[in-house]
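Residue-level structure breakdown
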Amino acid sequence: TLAVPTRAPLPSILQPAGAAYDKTWYVNRKAEEAMALSYLNTPGMPAVLWGPKWIGKSTTLNHILDYIRQTDRQASTIVTVNLGLISTRALGTFTLFAEEFAQELALELGLDDTELSRLWASKLPPKQKLTSLILRHLATCTSSRTVLSIDGADTLLDHPVCPEFFGLLRAWADRGHEEQWSRLRLLLTVSTTPAYITRKVSPSPFNL
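Residues numbered from 1 in each chain as written. Predicted model: local features only at pLDDT ≥ 70, side-chain atom pairs only at ≥ 80, totals over all residues. Heavy atoms only, no water.

1. What to know about the pattern of salt bridges
Tallied over the entire structure, the rule returns four salt bridges. In this structure, Arg-145 and Asp-72 form a salt bridge, with 3.1 Å as the shortest nitrogen-oxygen distance. With Arg-145 in strand E3 (residues 145–151) and Asp-72 in the loop between helix H2 (57–71) and strand E2 (76–82), this residue pair connects regions lying 73 residues apart in the sequence. The partner of Arg-136 in a salt bridge is Glu-115, with the nearest N and O atoms 3.7 Å apart. Residue Arg-136 is located in helix H5 (residues 126–140), and its partner Glu-115 is located in helix H4 (residues 113–120); the two are separated by 21 residues in the primary sequence. According to the relative accessible area criterion, Arg-136 is partly exposed, its value standing at 35%. (Salt bridge = Lys/Arg side-chain N within 4 Å of Asp/Glu carboxyl O. Helix = DSSP H or I, 4+ residues; strand = E, 2+ residues; numbered from the N terminus. Buried < 20%, exposed > 50% of the residue type's maximum accessible area, 1.4 Å probe, protein only.)

2. Regarding the layout of surface pockets
Taken as a whole, the largest pocket spans an internal volume of roughly 790 Å³. As for the largest pocket, its lining consists of 29 residues, of which Trp-54, Gly-56, Lys-57, Ser-58 and Thr-59 are closest to the centre. Residue assignment for the lining of the largest pocket shows that the elements contributing at least two residues are H2 and strand E4 (184–190). Sort the elements by how many residues they give to the lining of the largest pocket and H2 lands first, with four residues. In this structure, the second largest pocket encloses a volume near 400 Å³. Of all the secondary structure elements, the ones that give two or more residues to the lining of the second largest pocket are helix H1 (30–40), strand E1 (47–50) and H2. Residues of the lining of the second largest pocket, tallied by class, amount to 13 nonpolar, three polar and three charged. (1 Å grid on protein atoms, 1.4 Å probe; cavity = no way out; pocket = protein on both sides within 12 Å on 5 of 7 lines; lining within 4 Å. Points joined across faces, edges and corners; volume = space filled by probe spheres on them. Nonpolar A, V, L, I, M, F, W, Y, C, P; charged D, E, K, R; others polar.)

3. Considering helix H6 (residues 162–174)
Helix length check: H6, at 13 residues, gives a terminal C-alpha distance of 18 Å against a target of 18 Å (1.5 Å per residue), a fit within 8%. Every buried residue of H6 is listed here: Cys-162, Phe-165, Phe-166, Gly-167, Leu-168, Leu-169, Arg-170, Trp-172 and Ala-173. (Expected span 1.5 Å × (residues − 1).)

Written out as structure tokens, the structure is:
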């Protein structure tokens, strides 16, 4: 059972529906938590929390990340990217999307702005720039694994950047047998049935 240590006594006022994750009110989903942790322990196997809207995917994701932070702090680095922070304009072309996604990654990883600017000024294609950014982190990070968490990944489905982005995630996962890439783990949430995602996008991390 995935239970974060030392749960505080329940307050007298109930948490309202739709509120942000609070471990005090979290109701464990034992099977889903165990399966997600198993996938996150396996290189090249993305963990995908799938279910209808409002069923609790985001709270389950946050609970899993909270558990990792408290029980595996030294061995894991957690990187969370909120696709809602990507501008609407950037969703139209992968070049703009990759740049904003890289900025979110750089903030999470604490990378120097100069280093990111130098990389983005290079002549590499956008996918290779993102790949280079991840590889630089994996090469210097002291943690044994980096968990890249993306909540609501299927919000990209109706946008032109979707095939290239999901294809990039799949390419990263496919390299899980390599020493450096084996340290990258993907944790995603989606509301769309994965079968429909893989029909629209091939290759994709959702059919592993």
